[in-house]
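Close look at the chain arrangement
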Amino acid sequence: MRKTNQPAVPGTDAAALLQRHALAGHELLGVAGFGPAGGLDSVNSAGPTGGVHLPGLRSLVEESWQRSVQFRANPDNPEAPLALDGEELEEYRRQHPLATIMPVIHKLLVLPSHDSGLLVAVGDEVGRLLWVEGDSVMQRRAEGMMFVAGADWSEASVGTSAPGTALALGRSIQISGAEHYKRSVHPWSCTAVPFHDPDSGALLGVVDITGTESAVAPHTLSLVEATVAAAQAQLRVERLQLAAARQAAPARRRTPSSAAKAGSAVEGSLYRNSLQLLGRDQALLSIEGRTVALSARHSEILALLSVHPKGLSAEELCTLLYPGDGSSMTLRPEMVRLRKVLQQLSPDAVPASRPYRLPMDLMPDSSQVLNCLQRGAHRIALEIYRGAVLPRSEAPGIIDLRDRVSSLLREAVLTDGSADALLKYAELPEAKDDVGVRTAALRLLPLRSPKRAAVVADLERLENELSA
């Protein structure tokens with residue numbers, strides 16, 4: 001049977017047939033050991049499907065179910081877990097870059113959804129819902145499956161759903177009824193579109209419409225994609241306006257307090273402060289839209305502080321920074337120089353001392369890769385991964401971070417990756433002599449694939465080099 005990755009038009013015979021196939025697939029899940037009825041522990045080395053094919057499912061849905069099985073998601077658990085609540089949720093939403101474009105989402109999606117049987121949800125890049133608004137009756141119904149602000153709807157938590165699967169694949173998706181992995185979600189259908197930073201391309205979150213069959217109508221996908229495009233354009237406009245206002249402002253020394261007043265919550269939410277460490281010896285630090293290249297040593301210091309948000313004592317930082325015996329006397333002048341660099345970039349970014357700690361959230365790209373791997377989005381992780389963390393650094397803490405990111409990415413690609421993902425990984429400098437990755441790719445490539453010849457040639461080269 002030929003498979004399509006396009007959902008059938010609601011109300012048609014094709015849509016009804018897809019639902020019957022999905023319900024039959026759920027029966028096979030239990031029989032084959034993909035759910036509590038069969039016992040998740042019975043998934044064996046034959047692969048995530050245990051060698052069992054689920055006929056009639058769209059291939060992207062079947063692949064998502066396979067990932068859900070590997071995550072040990074429980075299809076019979078009716079509720080999604082709550083990840084954020086109360087003041088923690090409010091503060092996180094206020095600081096998130098998507099907060100500034102919510103007026104656009106509200107105007108184009110939320111207002112028309114009232115009394116329409118639809119809900120509009122906006123989530124962050126790891127699948128946590130931050131806003132859920134729309135039809136009041138549907139909101140009350142959705143509470144039964146914990147489709148609420150603060151709930152975790154990543155694939156790792158709830159299995160296949162439009163928000164989580166769109167984030168896992170990095171593209172727009174529609175999930176209808178029984179295609180959801182969690183059985184409590186079968187009465188619902190949803191359309192989701194990832195939200196990418198309009199400047200950097202980084203994944204910031206996801207916009208979702210959830211409801212009845214109309215939520216997966218073809219025009220719904222077009223509407224959500226157009227709304228996301230409008231919101232991205234608005235975010236870019238606000239950033240340009242902010243940059244123009246800064247240039248027009250009279251040049252005067254800004255103290256941390258004055259900077260805080262000038263940089264309102266909206267201004268601070270226009271950007272995701274970031275640190276680019278992958279594939280480069282000197283990190284790029286971006287704060288509130290301003291970017292600076294750091295020295296090798298300052299790159300190491302900020303990398304270590306960014307992955308230790310609670311801070312490090314001088315002794316701890318020295319141990320992670322200097323091979324052998326490090327001295328706080330050597331560290332102190334480096335911190336003085338780093339503070340001067342950060343003071344010019346943003347006074348709010350200057351590290352505190354005792355312990356050394358960053359005063360603002362700073363997202364290193366290495367952490368983005370780890371976050372993607374944690375939720376099973378190895379394709380997105382592979383796109384973000386430009387190479388090893390500060391590849392020439394000999395700082396013990398950086399070596400540990402570098403090895404951890406590299407090894408987890410390799411393991412994920414070998415375990416879950418397609419042939420294309422394996423070949424993309426093989427292009428990385430660290431994988432140029434990786435026999436295991438090329439062997440796995442060769443095993444997955446179709447016999448008539450033109451890509452096989454290059455893989456075989458690589459394996460022969462490596463065999464000759466090893467035997468020389």
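See above for the structure.
Below is a short write-up of the structure. Just so we're clear, the structure is a prediction, and the values are computed from it rather than from any experiment.

Conventions we followed
- Residues numbered from 1 in each chain as written.
- Predicted model: local features only at pLDDT ≥ 70, side-chain atom pairs only at ≥ 80, totals over all residues.
- Heavy atoms only, no water.
- Helix = DSSP H or I, 4+ residues; strand = E, 2+ residues; numbered from the N terminus.
- Core = buried A, V, L, I, M, F, W, Y, C linked by side-chain atoms within 4.5 Å.
- Buried < 20%, exposed > 50% of the residue type's maximum accessible area, 1.4 Å probe, protein only.
- Contact = heavy atoms within 4.5 Å.
- Pairing = 2+ DSSP bridges.
- Axes fitted to C-alpha atoms, helices over the stretch in contact; angles between N-to-C directions.

1. A short note on unusual backbone geometry
Between Arg-354 and the following residue, Pro-355, the backbone shows a cis peptide bond with an omega angle of 0 degrees. Tracing the chain through its elements places Pro-355 in the loop between helix H13 (328–345) and strand S9 (363–364). A positive phi angle, close to 65 degrees, is found at Arg-72, a residue other than glycine. Within the fold, Arg-72 resides in the loop between helix H2 (59–70) and helix H3 (86–95). Phi at Arg-354 takes a positive value of approximately 55 degrees, unusual for a residue other than glycine. Within the fold, Arg-354 resides in the loop between H13 and S9.

2. Looking at the nonpolar core
The biggest cluster of nonpolar side chains holds 85 residues, and the ones touching the most others in it are Leu-275, Leu-285 and Leu-331. Ignoring anything within four residues of it in the chain, the contact list for Leu-285 reads Ser-274, Leu-275, Arg-290, Thr-291, Val-292, Leu-294, Leu-302, Leu-342, Leu-345 and Leu-362. In this structure, Leu-98, Val-104, Val-193 and Ala-215 belong to the second largest nonpolar core, which totals 24 residues.

3. Considerations on the sheet that holds strand S7 (residues 284–287)
The strand order S8-S7-S6-S9 describes an open sheet built from 4 strands, whose pairing is mixed. The open sheet has two edge strands with one neighbour each: strand S8 (290–293) and S9. The sheet contact formed by strand S6 (residues 274–276) and S7 spans 3 bridges and is antiparallel. Bridging from a neighbouring strand, Leu-275 pairs with Leu-285 of S7.

4. Points about the sheet that holds strand S3 (residues 173–176)
Strand order in the open sheet formed by 5 strands is S2-S1-S5-S4-S3, and the pairing between neighbours is antiparallel. Because the sheet does not close on itself, it has two edges, and the strands there are strand S2 (129–134) and S3. Across this sheet, the average inter-strand angle for adjacent strands is 20 degrees, counted without regard to direction. Sheet topology places strand S4 (residues 189–196) next to strand S5 (residues 203–211); 8 bridges connect them, and they run antiparallel. Paired with Ala-192 across the two strands is Asp-208, which belongs to S5. Against the sheet, helix H4 (residues 102–113) engages strand S1 (118–124), S2 and S5, with an angle of about 155 degrees to S1.

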